[in-house]
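Observations on the three-dimensional arrangement
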Amino acid sequence: MRRLMAWLDDRTGLISWSKWALEHPVPPRTGWWYVFGSATFLAFLLQVVTGIALATAYVPSAGQAYESLRFISERALMGHFLRGLHYFGASAMVILIGAHVTRTYLMGAYKFPRELNWLSGALLLLLTLALAFTGQLLRWDQTAVWSVIVAAAQAGRVPVIGPELVKLVLAGDTLGGQTLSRFFAFHVFFIPALVFLLVALHLALVLRHGISERPTPGEPVDKATYRRRYAELMAREGVPFWPDAAWRDVVAGAVVVAVVALLALIVGPPALGNPPDPSILHAYPRPDWYFLWYFAVLALTPNHLETIVIVFGPLIFGAILLFMPLFNTGERSVKRRPWAGLVVFFIVFVIAAFWMAGNKAPWSPDFEAQPLAASVVGDTTAAVVRGARLFHDKGCEYCHQIGSQGGKRGPDLSDVATRMTPDAMALKITNGGPDMPPFVSNLSPDELQAIVAFLTTRK
Ligand code: HEC
């Protein structure tokens, strides 16, 4: 055995190289904060393995994708567990890469000489989000399809290249089978290939510059002296990566896999919604949780600001990631960079707030609203009773509350008669408004009268 190994090493050099890579000195006392990078990579590998397994049974065609996923979830051996692993693995990857970026930012690990570590990592962050987004469409249920339609509509707002972007996303002018093929190709070939390449570069850079030492307040990064001081620290106190530091990565990785597997077993993958059907307007599109906050941002942005938010939001985010390495000297410790801590706090706070709003989604019509009870209507005049019935049947109640029943998309109409005349109501209903459809072709004159008669009793 030993002779075989020696022969292999002589011909390839791989064993000596692995030994060198595993035992290269790393700073002492790095601690648990340094495990997120390797844990992200492990989550990615889990996605590759479970993804390949799913791809053996998934049919990327508009006619069969949905059915093939039903087959995987309901009948294939371990299929349910497998989909669960892939779903929670994706969530783990998003969370872990977020933690890793936050950690390197807060510890100033992107400063000299590790600027390119940061840039390759920033690209990996964007690719991870792209993987999460493209994966969602492959479910090919209503929610997934509508989310992509929303995304395409957003992309269309980008000046100049908007229409081309939409074509790139949809692989044509409309969403269809070719869109699914495009997302499939990006999700399983193109983006993962890029991730592998960038991870290789990212790790090569980590080996080249060494893992950053824990920042010490009052010891700023100085390009002239940093490398010498780092080499001295390694010579004096450096420990071999394996096993002195790597055991924490192993433990963290095991915890990640165990949590993902438990969630896949106990909670299971997201249920498949209904198959996509463009004629159903009662879809309730909600992206997977990691995009829910952005969905809330889009929904809550006033109409006239939408284009600005859609175009400049991602641009500013991208620019921050890209230009961060320009601030590559000075203090690394967050104790001396209080604004860095504030920025992180602010971003986490904003995302959490929008995420909670997205979870409740008060702007989405409430399609479950039941007809108003006779006790709520009160009045028993024939026209009023008919109006109350139409208020439900024509869909007004999906958006308007009366007596705390109904959707919250439009204003509460419980006391609308105190602020509007019957004529103003009729005008509003026929013409609609910025966020209310016009009902002119949808209500006969006597139906309109009945609804107004009903609303006039709301004081
Ligand atoms: C898609 C959601 C939606 C539906 C369906 C809808 N509305 Fe509205 N409605 C709104 C919104 C949003 C507003 C406020 C902004 C505006 O004027 O567009 C509004 C405003 C109104 C107002 C003015 C209230 C005020 O306080 O200013 C009335 C009255 C009204 N709607 C009645 C109706 C009736 C009657 C129906 C059914 C025939 C209906 N709406 C269907 C969303 C909706």
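For clarity, every value in this text was computed on a predicted model and none was experimentally measured. Along each chain, the written sequence defines residue order, and numbers are assigned to residues from 1. Under the rules for a predicted model, residues below a pLDDT of 70 receive no local features and side-chain atom pairs below 80 are neither given nor counted, while totals for whole chains, interfaces and linings still include all residues. Side-chain figures throughout are based on the complete set of non-hydrogen atoms in the structure, without hydrogens or water.

**Regarding the site of the ligand**
Surrounding the ligand, one finds 20 residues, the nearest of these being Cys396, Cys399, His400, Lys428 and Met436. Each polar contact in these results corresponds to two N or O atoms within 3.5 Å; when the atoms are within protein, one needs to be able to donate a hydrogen and the other to accept it, and residues that are neighboring in sequence are counted only if both atoms are side-chain atoms. Taking Lys428, its side chain carries an N or O atom lying 2.3 Å from an oxygen atom of the ligand. Pro434 is positioned with one of its backbone polar atoms (N or O) 3.3 Å from an oxygen atom of the ligand. The helix count covers DSSP runs of H or I at least four residues long, the strand count covers runs of E at least two residues long, and both are numbered beginning at the N terminus. Elements with a minimum of two residues in the shell around the ligand: helix 17 (396-399), helix 18 (422-431) and helix 19 (445-456). Put simply, a residue is near a molecule or strand once any heavy atom of it comes within 4 Å of that molecule or strand.

**What about the pattern of salt bridges?**
Salt-bridge detection follows one rule: a side-chain nitrogen of Lys or Arg within 4 Å of a carboxyl oxygen of Asp or Glu. Enumeration over the complete set of coordinates arrives at 15 salt bridges. Across the pair Glu237 and Arg29 runs a salt bridge whose closest N-O atoms are separated by 3.1 Å. Taken as a pair, Glu237 in helix 10 (residues 226-237) and Arg29 in the loop between strand 1 (25-26) and helix 3 (36-55) lie far apart in primary sequence, 208 residues in all. The classification of residues rests on relative accessible area computed with a 1.4 Å probe and restricted to protein chains. Under 20% of the type maximum is buried, over 50% is exposed, and intermediate values are partly exposed. According to the relative accessible area criterion, Glu237 is partly exposed, its value standing at 29%. A relative accessible area of 63% means that Arg29 is categorised as exposed. Each member of the salt-bridge network shares a partner with another, and the members are Arg29, Arg236 and Glu237.

**Brief notes about the confidence of the model for the protein**
The pLDDT value expresses, per residue, how confident the predictor is, ranging between 0 and 100. On average, residues of the protein carry a pLDDT of 91, and 98% of them reach 70 or more. Of all the helices and strands in the protein, helix 7 (residues 142-155) carries the lowest mean pLDDT, 82, while helix 3 carries the highest, 97.

**Considerations on the coordination of the iron atom of the ligand**
For Na, K and Ca the donor cut-off is 3.2 Å, and for all other metals it is 2.8 Å, counting N, O and S atoms only; because water is absent from this set, sites may look incomplete. Around the iron atom of the ligand, the protein contributes the donor atoms His400 (NE2) and Met436 (SD), at 1.9 to 2.1 Å from the metal centre. Coordination at the iron atom of the ligand comes from six donor atoms whose angles at the metal span 85 to 178 degrees, giving a geometry best classed as octahedral. Here His400, found in the loop between helix 17 and helix 18, pairs with Met436, found in the loop between helix 18 and helix 19; they are 36 residues apart in sequence, far enough to count as distant. When four donors show all angles between 85 and 135 degrees the site is tetrahedral, when four or six donors have opposite pairs over 155 degrees and all other angles between 65 and 115 it is square planar or octahedral respectively, and in every other case it is irregular.

**Observations regarding the nonpolar core**
For the purposes of this section, nonpolar cores are sets of buried Ala, Val, Leu, Ile, Met, Phe, Trp, Tyr and Cys residues that join through side-chain atoms within 4.5 Å. Residues Leu96, Tyr105, Trp118, Leu124, Val195, Val256 and Val260 are the most contacted members of the largest nonpolar core, which totals 31 residues. Of all the secondary-structure elements, those providing two or more residues to this core are helix 3, helix 5 (79-106), helix 6 (115-138), helix 9 (177-209), helix 11 (241-266) and helix 14 (338-360). Tallying contributions element by element places helix 5 first for this core, with nine residues. Contact partners of Val256, with chain neighbours within four places excluded, come to Ala39, Ala92 and Leu96. Of all hydrophobic cores here, the second largest spans 22 residues; its members include Val384, Ala450, Val452 and Leu455. Any two residues whose heavy atoms approach within 4.5 Å at even a single point are treated as in contact.

**Considering the packing of aromatic side chains**
Stacked, tilted and edge-to-face are the three classes applied to pairs of Phe, Tyr and Trp rings, where Trp contributes its six-membered ring and a pair requires centres within 6.5 Å; stacked means planes under 30 degrees apart, edge-to-face means over 60, and tilted covers the rest. Enumeration over the complete set of coordinates arrives at 18 aromatic pairs. On the basis of an interplanar angle of 65 degrees and a centroid distance of 5.1 Å, the ring pair of Phe44 and Phe196 is categorised as edge-to-face. Residue Phe44 is found in helix 3, and its partner Phe196 is found in helix 9; the two are separated by 152 residues along the sequence. By relative accessible area, Phe44 is classed as buried at 4%. Relative to Phe183, the ring of Phe133 lies with its centre 6.0 Å away and its plane at 55 degrees, an arrangement referred to as tilted. Here Phe133, found in helix 6, pairs with Phe183, found in helix 9; they are 50 residues apart in sequence, far enough to count as distant. Lying across the ring of Tyr34, Arg103 places its NZ or CZ 3.9 Å from the centre. The ring of Tyr230 has Arg114 lying over it, and the distance from NZ or CZ to the ring centre is 5.3 Å. As a reminder, the over-ring test applies to NZ of lysine and CZ of arginine, requiring each to be within 6 Å of the ring centre and within 35 degrees of the ring normal.

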